[in-house]
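# Coordinate analysis (summary)
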Amino acid sequence: MNRRRLLGYASFFSLLTLLLGSCALIFNTIWTGGQQQLDLTPPPPTVFGPRLIIFALDGTPPAQLMQAIRSGNAPNLAGLLGNERGQGLFDHGYAAPRALSILPSSTIAAWSAIFTGTPPVANGVAGDEWFERETATFRAPVPVSALDTADVSKVVSDDLIGKTLKTPTLYELIKKKINVSLLSVHRGATLYTTVSPASLADFLTFLIKGTLKGIDPEKSFAAALDYSATQKLIEAIETNGVADLQVVYFPGTDIFTHVSEDPLERQVRYLRFVTDKSIGDVLEAYRKHGALNDTYVIVISDHGQIPTLNDDRQKLGTDDEHSPFALLKRSGYRVRKPLLSLGELDTDYQAVLAYQGFMAYVYLADRSTCAAEHQSCDWPRPPRFKEDVLPALEAFYKANRSGEIVPELKGTIDLIFSREPAPIRQSAKPFQVFDGQRLVPIPEYLRLHQRPDLIDLDRRMQWLGAGPFGHRAGDIVLLAAACPQRAIDQRFYFAAITHHTWHGSACEQDSRIPFILAQAGGSGERLRALLRKFGGDAPTQLMMTPLVRELLK
Ligand SMILES: [Zn+2]
């Protein structure tokens, strides 16, 4: 395939979910950033045939999107869909009522699943952060525990996600002219457009020092990012014509919601006044090229959002006193520092934590290989269950039940999962629930404890843990107390910094996603039949890639 990439220096969107300020400096930095053309090979001519635009809205729950569409103030999406006729059906589209994310309901893992059609256990991308025990490498394309941005830039400049994915991307499967704007998953696309700050280092430093402010959606930094990315992709359309598949990633919806007070209400406003405008601009560019009619449109998200208190008491952080790091240390493990790279003296760790918001992964070493201080563990080797995994399981169970060792952890964890370790070259076993005494298979646990608030838990945990790359999710998975049925001050999240919303859990509110198929002037009934072929009324994210292959066949 001819490859032509416009590559900026960084999209840095991931970092922004952590650290967000807003001021004129940021606007100027984004708007004046340049682009770099790496390959001047002309793109292949557009073939006549079906076209598709995928609007990938980060962190957008279906209820908030539908509220925006019904508000009368999102004319572009509403106009595309036409009149609403009930149960997800529109004149020109269909919104699957109960579409579902994978686990964790977190950005990088979810987009990887959506754009490969394979779950984390097969594609090897297990979360926003993970540990690769075969090489003892910690990855943080979206830093949650590790406030280090090196992997954020690698997502753009070095295709970190493409290099990690073990399964073909949608773009490699369909082999057509494909433009991707901003999305972390872009391996195999024809053209990749992104915003580009003049100096990434200066920019990131500014953000880390920046303060969080609640401001108007239209004036937010998140909006500047979405508008700018849209502008870049429209310029690419002007130069190169429309593609067979155009992926348009909007990180702003997620960034803005995380840092806003009254996050879900504010998000609806953002969707109405920022996202819908950007969608309108892309549709208009297609219209100008005479390419809008017959073009399919998919609107999909990686996860929803659960409101949380933006307060240190709700944060299960990374400190040495009150956090899961502290618990493991006091239980006798040498714990890896939450950094991407370590000094030589710090490489003798026996336990690793990777954070996903409402989930955390704990990786444990066979401590017989590194009993002495300053002795590095043999990480490719699996831990021993009784000697290495069980003491950590019991520590988390007791801390959660009674506040033993770290009182702040009492009542913060919903479920603790683990399993018998397996060598990394073998399939990892399914996660089971630790009940304080033993590991209980998830279906059996759910028969004894009704948990309708955790959606499709067994299947989604299998997709995370049971198979070739199941070890990427660790030896223990901690699910934080998170569902909205709890009071907001009883919801807790694994992260280094606080926010007004988090996600990553199996609860309805962050697991349900919009999954809409539309076509300008197309028949809603036909579009519903097409989408329903892939999962009925409750398609999962794994169904988007097969749907697109069918549409662009
Ligand atoms: Zn996200």
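Provided above is the structure to which this section pertains.
Residues numbered from 1 in each chain as written. Predicted model: local features only at pLDDT ≥ 70, side-chain atom pairs only at ≥ 80, totals over all residues. Heavy atoms only, no water.

### Some details on the state of the cysteines
Using the criterion set out here, one finds two disulfides in the structure. A disulfide bridge connects Cys 370 with Cys 377, and the sulfur atoms are separated by 2.0 Å. Sign of the S-S torsion, about 85 degrees for the bond between Cys 370 and Cys 377, identifies this disulfide as right-handed. In this structure, Cys 370 and Cys 377 share a single accessibility class: buried. The partner cysteine of Cys 483 in its disulfide is Cys 507, sulfur to sulfur 2.1 Å. (Disulfide = S-S within 2.5 Å. Buried < 20%, exposed > 50% of the residue type's maximum accessible area, 1.4 Å probe, protein only.)

### Describing the pattern of salt bridges
By the definition in use, this model includes 32 salt bridges. For Arg 70, the salt bridge goes to Glu 84, with nearest N and O atoms at 2.7 Å. Of this pair, Arg 70 sits in helix α3 (residues 62–70) while Glu 84 sits in strand β2 (residues 84–86); the two residues are 14 residues apart in sequence, bridging distant segments of the chain. Ionic pairing is found between Asp 281 and Lys 277, a salt bridge with its closest N-O pair at 3.2 Å. Of this pair, Asp 281 and Lys 277 both sit in helix α13 (residues 263–288), four residues apart, roughly one helical turn. With relative accessibility at 27%, the residue Asp 281 sits in the partly exposed group. In this structure Lys 277 comes out as partly exposed when scored by relative accessible area, which is 40%. Each of the salt bridges in this network shares a partner with another, and the network as a whole consists of Asp 366, Arg 367, Arg 381, Arg 384 and Asp 388. (Salt bridge = Lys/Arg side-chain N within 4 Å of Asp/Glu carboxyl O. Helix = DSSP H or I, 4+ residues; strand = E, 2+ residues; numbered from the N terminus.)

### Comments concerning the side chain of His 258
Structurally, His 258 can be placed in helix α12 (residues 252–258). In terms of polar contacts, His 258 uses its side chain to reach the backbone carbonyl oxygen of Thr 501, at 2.9 Å. (Polar contact = N/O pair within 3.5 Å; in protein donor to acceptor, adjacent residues only side chain to side chain.)

### Thoughts on the packing of aromatic side chains
Here the distance between the centres and the angle between the planes together describe a pair of aromatic rings. Following the criterion strictly, the structure yields 14 aromatic pairs and no others. On the basis of an interplanar angle of 35 degrees and a centroid distance of 5.6 Å, the ring pair of Tyr 349 and Trp 379 is categorised as tilted. Highlighted residues: Tyr 349 in the loop between α14 (324–330) and β13 (351–355) and Trp 379 in the loop between β14 (359–364) and α15 (385–402), separated in sequence by 30 residues. In this structure, Tyr 349 and Trp 379 share a single accessibility class: buried. The structure contains a cluster of three or more aromatic residues connected by ring pairs, namely Phe 131, Tyr 349, Tyr 361, Tyr 363 and Trp 379. The residue whose ring lies beneath Arg 336 is Tyr 349, and the NZ or CZ to ring-centre distance is 5.5 Å. It is Arg 367 that lies over the ring of Tyr 333; its NZ or CZ is 4.0 Å from the centre. (Phe/Tyr/Trp six-rings, centres within 6.5 Å; stacked < 30°, edge-to-face > 60°. Lys NZ or Arg CZ within 6 Å of the ring centre and 35° of its normal.)

### As for the coordination of the zinc ion
Listed as protein donors to the zinc ion are Asp 58 (OD), Thr 107 (OG1), Asp 302 (OD) and His 303 (NE2); their distances from the metal cover 1.9 to 2.1 Å. Coordination at the zinc ion is tetrahedral, judged from the four donor atoms that bind it and the angles of 95 to 133 degrees they form at the metal. (Donors = N, O, S within 2.8 Å, 3.2 Å for Na, K, Ca; no water. Tetrahedral: all angles 85-135°; square planar, octahedral: opposite > 155°, others 65-115°.)

### Observations regarding the sheet that holds β13
Working definition: the strands of a sheet are paired by backbone hydrogen bonds and lie parallel or antiparallel to each other. Strand order in the open sheet made by the six strands is β13-β14-β18-β15-β16-β17, with antiparallel pairing throughout. With partners counted over all chains shown, the strands left at the sheet margins are β13 and β17 (439–441), one partner each. With strand direction ignored, the average angle separating the axes of adjacent strands in the sheet is 30 degrees. Note that strand β16 (residues 432–434) and β17 share three bridges and pair antiparallel. Paired with Phe 434 across the two strands is Leu 439, which belongs to β17. Strand contacts of α15: β14, β15 (413–418), β16, β17 and β18 (476–480), with the helix running at about 170 degrees to β15, the strand carrying the most contacts. (Pairing = 2+ DSSP bridges. Axes fitted to C-alpha atoms, helices over the stretch in contact; angles between N-to-C directions. Contact = heavy atoms within 4.5 Å.)

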